[in-house]
Structure formats: C-alpha cells, structure tokens
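These are the residues of each chain, in order.
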Amino acid sequence: MKVPLLDLNAQYLPVMSEIKAELDKVFSTHQYILGTAVKEFEEDMQMYLQVKHAIGCASGTDALQLALMALGIAAGDEVITTPFTFFATASAIHRVGATPIFVDIDSRTYNLNPDLLEKAITPRTKAIMPVHLFGQPANMNSIAEIAAKHQLKIIEDNAQGIGAKYDGAFAGTIGDIGTLSFFPSKNLGAMGDGGMVLTNDDELALRLKQLRVHGENPKYFHKWVGLNSRLDSLQAAALKIKLRQLDKWSAQRRENAKIYHELLTDLPEINLPYIDPKALTIYNQFTITCRDRDGLMAHLQKNDIGCAIYYPLSLHLQECFAHLGGKKGDFPVCEDLSQKVLSLPIYSELTREQIEYVCQKIKEYFTK
Ligand SMILES: *Cc1c(COP(=O)(O)O)cnc(C)c1O
C-alpha cells in the first residue's frame, strides 16, 4: 500500500468539471484582473467566515505584508510572533522594516504561549501576530486580552486554519486583520498561489484594497507605495467551487484524526495532537511527537508512507535572522519540538484502510 502525505488528484477529480466550467467563464469574459470571479469569491468568503471584508491578494505571504502595511507597521516597530511557524510569518515583518520578536510556544498546542507575551512587550511593540499552527487556533481569548491591555494590534496568520474556530469565532476574524493562504497544500488550495486578507474594519479594508493595487486611489494617484498583489481571477474561479466542499473536507480530516487517536492511543512512544477544548481545529496537519522521530520517519518512508517535519529549524536560529541575536536555548519548547514533530497523512480522501496501514507501520517500528 502507498499513502502519500497529500493526494491532490483525489481532491480535484470530483470537482474538476465544475472548476473547468468556471474557468471557461473567466476566459470568455477576459476579466483576468480583479473581475467578477474575484468579487464573487470574496463575497462567498465573507459569508462563509462571517466577516465584513475579505480581500483577495497574490499569496499568504503578501497577505501578511499587506496587513502590516495597512496598520502602518514599519522600521523601528516590533511585532511579537512565534518561532515555530512557516518562514513567511517572520519574513513579512522583516520585509516592512520591523523586527520580529519571538516568544516561546505552548508545548501541547504548539501555538504562542500567552503567559510569555507580556515579558516581550516593549515601548516599540506594535502588534502581536499569532499563527494558528496546523489548523488549531491559538488561545485568542488570552492574546486579545493582553493586546487590549497594551493597546497592540493583532494580525492572525491563519494560512493553515481556514474554517477553524476559537471559542465559537472563526480564526482570522478575531484580531484586527487575519490572513489566509491558498497555497495548494492548504485546506482550501488553489491551482497556484493565492491569499486573502480579512477584517471587520471599514477603514482598514479600504486601505488594504488600495495597497494591493500600488496604493492608488483614484487610479494613477498614489497615496501610499503599495504592492502589485491581486488574487488571480482564474484562481478565484477555482477556489469559489472548492469552497463549497470545505466544510465536508474539514469534517473528514477530523474523522481521520479520530481514527488515528483510536488506533494509537496506547502507544507510549508517541504523543498525539492535543486540541484545546475551546478550539475547533481543521487539521491542516496531524502532527505527532516522538523522541526517535528520525528513525520512525525513515521507517514510514521505507514503507511508502508520506510524512514530513514542520518545522525542522526554529525561526530564531535561521541564518537570515542571525542579526537578531537569537541563540540555542532561547526558546526551549520550540527547539525541543522541532526535534520531535512528525506530520502524518490526514487529507480528506484518506481511507480507513490507509490510516490503519500507517498505524500498523508505526506500531511495528516500536515492537521490532
Ligand atoms: C503557507 C503559509 C504562509 C504563506 O503562504 P503562501 O501563500 O505560501 O505565501 C504563511 N504563514 C503560514 C503559517 C503558512 O503555513
């Protein structure tokens, strides 16, 4: 048996003909830049996430940069974030000239540890940027409380958490601005790059819409130096069709997680994902921890099981951030987890037999 980490073909086949018809509509109107397709998808997303403004842009990375720019965050400012995330979270902060300030994570949820936030706040701090890692929202109640107390903005990096909820509210719609990524491996993946910015604030929405078209308003008059960062119309057309399946896909991922929990519960060598009782996760990844992670990974790969390490090196130890002075031992929880995490296949179309096979091979590794 073969179990890939992700099987996009299995996801696309059932919706392929609908997507092609929608793409044809774009071809027939030639509205390739911010036309009907983008507008319709943005409206569908506003409905789905119960948010006032959903603004498409070129990628999840750009969405983060646009969010920072809209809030006026620039050189001299500090933004607090997690060192245990995809590189784009911190690189967006760097790119606007601000400084990423890392804070260690909660060992159970892998998300920002709110108890450590206040110690990291300085007079330069402008915002907190939590990441809803692997599809599980960070503790937004505590983060929002601290942000309000210190008058800080919140930008939620929700690239991995579309449709997830914290205490009943959609992730990405709780802070001042939330972002999404439609990178193909995200739960709602495009057929290329794509991203989105979410906000309930009218003024920020207006600024974000201007910033994605070079900061112009009206055309050829530039209030700010913005980006050229639009959600591609063809991607929007495909995403509009796929969005209709998203709830079903997320439910299937949660079902798959349940089966893993059933089958692996008595295995002391590994820890299964812990989900905060206030969080509804969408399992962008199903990430276990294991002391002998590299051995287990090699064993699974030998048996044609796809698995991956997200993420092998904490951001404060990345070469490009050496000037920030981060060193080994700064964030022990994050550093320890980067040696132990392993993400297993969790995609919606997995069969029970495939999950059983993965679990059987995991058990086999520890009993041999
Ligand atoms: C994927 C991802 C991004 C970046 O999204 P792109 O669309 O690939 O630019 C940002 N943050 C996190 C946490 C991600 O997982």
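Residues numbered from 1 in each chain as written. Predicted model: local features only at pLDDT ≥ 70, side-chain atom pairs only at ≥ 80, totals over all residues. Heavy atoms only, no water.

### Here's the deal with the pairing of strand β5 (residues 153-157)
With 4 of 5 residues buried, β5 lies mostly within the body of the structure. Pairing geometry for strand β4 (residues 125-129) and β5, over 2 bridges, is parallel. Each residue of the ladder has a partner; that of A127, found in β5, is K153. Viewed along the sheet, the connection from β4 through helix α7 (residues 140-149) into β5 turns out right-handed. In terms of strand pairing, β5 meets strand β8 (residues 177-181) through 3 bridges, oriented parallel. Counted as the bridge partner of I155 is I177 from β8. (Buried < 20%, exposed > 50% of the residue type's maximum accessible area, 1.4 Å probe, protein only. Helix = DSSP H or I, 4+ residues; strand = E, 2+ residues; numbered from the N terminus. Pairing = 2+ DSSP bridges. Right-handed = clockwise from strand over helix to strand, strands pointing away.)

### Observations concerning the packing of helix α2 (residues 16-29) against helix α9 (residues 233-243)
As a packed pair, α2 and α9 sit with axes 9 Å apart at the nearest point and diverge in direction by 145°. Of the two elements, α2 crosses α9, and the hand of that crossing is right-handed. When α2 is examined against α9, the residues E18, I19, E22, L23, V26 and F27 are found in contact with a partner set consisting of S233, L234, A237, A238, K240, I241 and K242. Along the lines of polarity and charge, the residues of the contact of α2 with α9 split into 8 nonpolar, 1 polar and 4 charged. (Axes fitted to C-alpha atoms, helices over the stretch in contact; angles between N-to-C directions. Left-handed = near helix turned anticlockwise from the far one by under 90°. Contact = heavy atoms within 4.5 Å. Nonpolar A, V, L, I, M, F, W, Y, C, P; charged D, E, K, R; others polar.)

### Description of the pairing of strand β3 (residues 99-102)
The side-chain alternation of β3 yields one buried face, formed by P100 and F102, and one unburied face, formed by T99 and I101. As defined by bridge partners, strand β2 (residues 78-81) adjoins β3 across 4 bridges and the pair is classed as parallel. Counterpart to I80 in the pairing with β3 is I101. The parallel pair β2 and β3, bridged by helix α5 (residues 88-95), forms a crossover whose chirality is right-handed.

### As for the site of the ligand
The ligand sits among 15 residues. The nearest are G60, T61, D157, S181 and K186. In the environment of the ligand, an oxygen atom lies 2.8 Å from a nitrogen or oxygen atom belonging to the backbone of G60. Contact with the protein chains covers 94% of the free accessible surface of the ligand, which is 380 Å². Only α4 (60-70) and α5 provide two or more residues apiece to the shell around the ligand. (Near = heavy atom within 4 Å. Polar contact = N/O pair within 3.5 Å; in protein donor to acceptor, adjacent residues only side chain to side chain. Areas by Shrake-Rupley, 256 points an atom, 1.4 Å probe, with all protein chains shown as cover.)

### Overview of the sheet that holds strand β12 (residues 286-290)
Taken together, the 3 strands give an open sheet; going across it, the order is β10-β12-β13, and neighbouring strands pair in antiparallel fashion. Bordering the open sheet on either side are β10 (270-271) and β13 (341-344), each of which pairs with just one other strand. As paired elements, β12 and β13 share 4 bridges and run antiparallel to each other. Residue pairing across strands places T289 opposite V341, the latter belonging to β13. The sheet contacts of helix α11 (residues 293-302) involve β10, β12 and β13, and relative to β13 the element is tilted by about 25°.

### Some details on the side chain of Q210
The residue Q210 is located in helix α8 (residues 202-211) in this model. Judged by its relative accessible area of 7%, Q210 falls in the buried class. The contacts of Q210, once residues within four sequence positions are left out, are G215, E216, N217 and W224.

Interpretation note: all reported values are geometric properties and have no functional meaning in isolation.
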